[in-house]
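Letter by letter, the chains look like this.
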Amino acid sequence: MKRIALISTGGTIEKTYDELSGVLHNEVSILDIMLARLDLRGVSVERLQLMNKDSLEMSDDDHALIAATACRATQTHDGVIVVHGTDRLAATGEKMLLVGEPILNPVILTGAMRPYALRNTDAIQNLTEALCAVQLVDPGVYVAMHNQVLAFPGVTKDRENGTFSKA
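No experiment lies behind these values; they were computed from the predicted model shown. (Residues numbered from 1 in each chain as written. Predicted model: local features only at pLDDT ≥ 70, side-chain atom pairs only at ≥ 80, totals over all residues. Heavy atoms only, no water.)

S.K.: Provide a residue-level description of the overall build of the chain, including the pertinent values.
M.R.: Helix and strand counts for the chain come out as 4 helices and 10 strands. Ordered by position from the N terminus, the helices and strands of the chain form the series β-β-β-α-β-α-β-α-β-α-β-β-β-β. For the chain, the residues scored as buried account for 47% of the 167 residues in total. Long-range contacts, defined here as pairs at least 24 residues apart, represent 65% of the contacts in the chain between residues at least 6 apart. Only carbon and sulfur atoms are counted for the fraction: they give 50% of the accessible area of the chain, which is about 8000 Å². (Helix = DSSP H or I, 4+ residues; strand = E, 2+ residues; numbered from the N terminus. Buried < 20%, exposed > 50% of the residue type's maximum accessible area, 1.4 Å probe, protein only. Contact = heavy atoms within 4.5 Å. Areas by Shrake-Rupley, 256 points an atom, 1.4 Å probe, with all protein chains shown as cover.)

Structure, rendered in structure tokens:
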């Protein structure tokens, strides 16, 4: 049984729609709903809800906290997935390389361009890809989204195509 730490930080993947205001918000974590839809044979997922923020609202201290938490989790888990907002995901990935603690197992960052709550979402695909990638790649820091796994450093958000690429 592989032990995977799943650290949630918020982002578009977890936004919910407020019908009264007509706005998407980060108010509750919906990762448990997403995980319940998946067949996770051979994997034990330990959830850690670190924060629930849009990544545009994250501070340098938030990125440092996420990075340190993920790096520490590699010491007690076979892999770590960080669910993160896509706007600042690359900043956290780069910060992980600078923490100074060894990254003993894979750390996969993932998120979504469209919230899980919307019909045309990439959330389930990206979470599933992250769960697969964390079991297959070597220790290090990666982003897994849109049928690709990219290693840090040098990962950037490709706003024109709505995905990530290597610089």
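On we go.
S.K.: Which residues make up the side chain of Ser55, and what values do they have?
M.R.: Among the secondary structure elements, Ser55 is positioned in the loop between strand 4 (43–53) and helix 2 (60–73). Among the polar contacts made by the side chain of Ser55, one reaches the main-chain amide nitrogen of Asp87 at a distance of 3.4 Å. Aside from chain neighbours lying at most four places away, what touches Ser55 is His84, Gly85, Thr86, Asp87 and Arg88. (Polar contact = N/O pair within 3.5 Å; in protein donor to acceptor, adjacent residues only side chain to side chain.)

S.K.: How would you sum up the packing of helix 2 against helix 3 (residues 89–96)? Please name residues and give values.
M.R.: Following both chains from N to C, one finds helix 2 and helix 3 inclined at 55°, their axes separated by 9 Å at the closest point. Judged by the angle between their axes, helix 2 and helix 3 are oblique. Here helix 2 runs over helix 3; the crossing is right-handed. The residues of helix 3 that touch helix 2, namely those facing Asp60, His63, Ala64, Ile66, Ala67, Ala70 and Cys71, are Ala91, Thr92, Lys95 and Met96. Within the contact of helix 2 with helix 3, the residues separate by chemical class into 7 nonpolar, 2 polar and 2 charged. (Axes fitted to C-alpha atoms, helices over the stretch in contact; angles between N-to-C directions. Parallel < 35°, antiparallel > 145°, perpendicular 65-115°, else oblique. Left-handed = near helix turned anticlockwise from the far one by under 90°. Nonpolar A, V, L, I, M, F, W, Y, C, P; charged D, E, K, R; others polar.)

S.K.: Any chance you could break down the nonpolar core for me, citing the residues and the numbers?
M.R.: In terms of nonpolar packing, the biggest core is built from 23 residues, with Val80, Val82, Met96, Val143 and Phe152 touching the most fellow members. Of all elements in the fold, only strand 1 (2–10), helix 2, strand 5 (79–83), helix 3, strand 6 (106–110) and strand 7 (140–145) reach the threshold of two or more residues within this core. If near-sequence neighbours (up to four positions away) are discounted, Phe152 is found in contact with Leu89, Ala90, Gly93, Glu94, Leu97, Leu109, Val141, Tyr142 and Val143. In this structure, Val43, Leu131, Val134 and Tyr142 belong to the second largest nonpolar core, which totals 19 residues. (Core = buried A, V, L, I, M, F, W, Y, C linked by side-chain atoms within 4.5 Å.)

S.K.: Which residues make up the sheet that holds strand 1, and what values do they have?
M.R.: The pairing of strands in a sheet happens through backbone hydrogen bonds and is either parallel or antiparallel. One open sheet accounts for 6 strands, arranged 4-1-5-6-7-8; its pairing is mixed. Strands with a single pairing partner mark the edges of an open sheet, and in this sheet they are strand 4 and strand 8 (148–151). Geometrically, the sheet is characterised by an average inter-axis angle of 25° between neighbouring strands, direction not taken into account. Across 4 bridges, strand 5 lies against strand 6 in parallel orientation. Within strand 6, the residue paired with Ile81 across the bridge is Ile108. Strands in contact with helix 3 are strand 5, strand 6 and strand 7; relative to strand 6, the strand with the most contacts, it is inclined by about 165°. In the packing of helix 4 (residues 123–136) onto the sheet, contacts are made with strand 1, strand 4, strand 5, strand 6, strand 7 and strand 8, and the angle to strand 6 comes to roughly 170°. (Pairing = 2+ DSSP bridges.)

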